[in-house]
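Residue-level structural notes
What follows is the residue order along each chain.
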Amino acid sequence: MITLADLEKKINSELTTKINNSKINHDQLYIEIDKEDLIDVTLFLKTNKDTKFRQLIDITTVDHPENIKRFKMVYLFLSHEFNKRVLVSYLINENEV
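What this report covers is the structure whose coordinates are included nearby. (Residues numbered from 1 in each chain as written. Predicted model: local features only at pLDDT ≥ 70, side-chain atom pairs only at ≥ 80, totals over all residues. Heavy atoms only, no water.)

**Focus: the sheet that holds strand β4 (residues 71-79)**
Selection criterion: Strand pairing follows a simple DSSP-based rule, namely that at least 2 bridges must link the two strands. Here a helix means four or more residues in a row that DSSP labels H or I, a strand means two or more in a row labelled E, and each is numbered from the N terminus. Between N-to-C directions, angles span 0 to 180 degrees; the directions come from axes that are lines fitted to C-alpha atoms, helices contributing only their stretch in contact. Should any heavy atoms of two residues lie within 4.5 Å, those residues are counted as being in contact.
Reading across the sheet, the 5 strands line up as β1-β2-β5-β4-β3 and stay open at both edges, with mixed pairing between neighbours. With partners counted over all chains shown, the strands left at the sheet margins are β1 (21-25) and β3 (55-63), one partner each. Going from strand to strand, the sheet's axes swing by 20° on average, the running direction of each strand aside. Both β3 and β4 contribute to a ladder of 8 bridges, which runs antiparallel. In the sheet register, Asp58 faces β4, and the bridge partner there is Leu76. Across the face of the sheet, helix α2 (residues 38-47) comes into contact with β4 and β5 (84-92) while running at roughly 175° to β5.

**Quick notes on the nonpolar core**
Threshold: By nonpolar core is meant a set of buried Ala, Val, Leu, Ile, Met, Phe, Trp, Tyr and Cys residues that side-chain atoms within 4.5 Å join together. For every residue, the accessible area obtained with a 1.4 Å probe (protein chains only) is divided by the maximum for its type, and the residue is called buried under 20%, exposed over 50%, and partly exposed between those limits.
Ranked by internal contacts, the top residues of the largest apolar core, which has 23 residues, are Ile11, Ile33, Leu45 and Val86. When contributions to this core are tallied by element, the ones reaching two or more residues are α1 (4-14), β2 (28-32), α2, β4 and β5. Residues within four places of Leu45 in sequence aside, it is in contact with Ile11, Thr51, Lys52, Phe53, Phe77, Val86 and Val88.

**Digging into the pairing of β4**
For β4, the tally of buried residues reaches 8 of 9 residues, placing the bulk of the element in the interior. By the bridge criterion, 9 bridges tie β4 to β5 in an arrangement that is antiparallel. Note on β5: the bridge partner recorded for Met73 is Tyr90. Hairpin connection between β4 and β5: a loop of 4 residues separates the two successive antiparallel strands, and Asn83 in this loop has a positive phi of roughly 55°.

Structural measurements only, silent on function.
Here it is, written out as structure tokens:
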């Protein structure tokens, strides 16, 4: 069985230039990216044999009005095969919505 730590290492090693930050919290992997990398990161998470995050469970936005990039877009993916979840997020400002 693949652990979250192994999964984090795999994703960070394969997507070195696309991952800004990653951490494990509440038995889930959190990944921060730039919005331009969303498609590349999503395709990797979906198609790689060691990840297989094939289900998008939720998309939401968190508003931080005090920040210049005030909106945090959050995508929650599930790998049924590994029974793991990953949250992918990026920041945007109100002009990019």
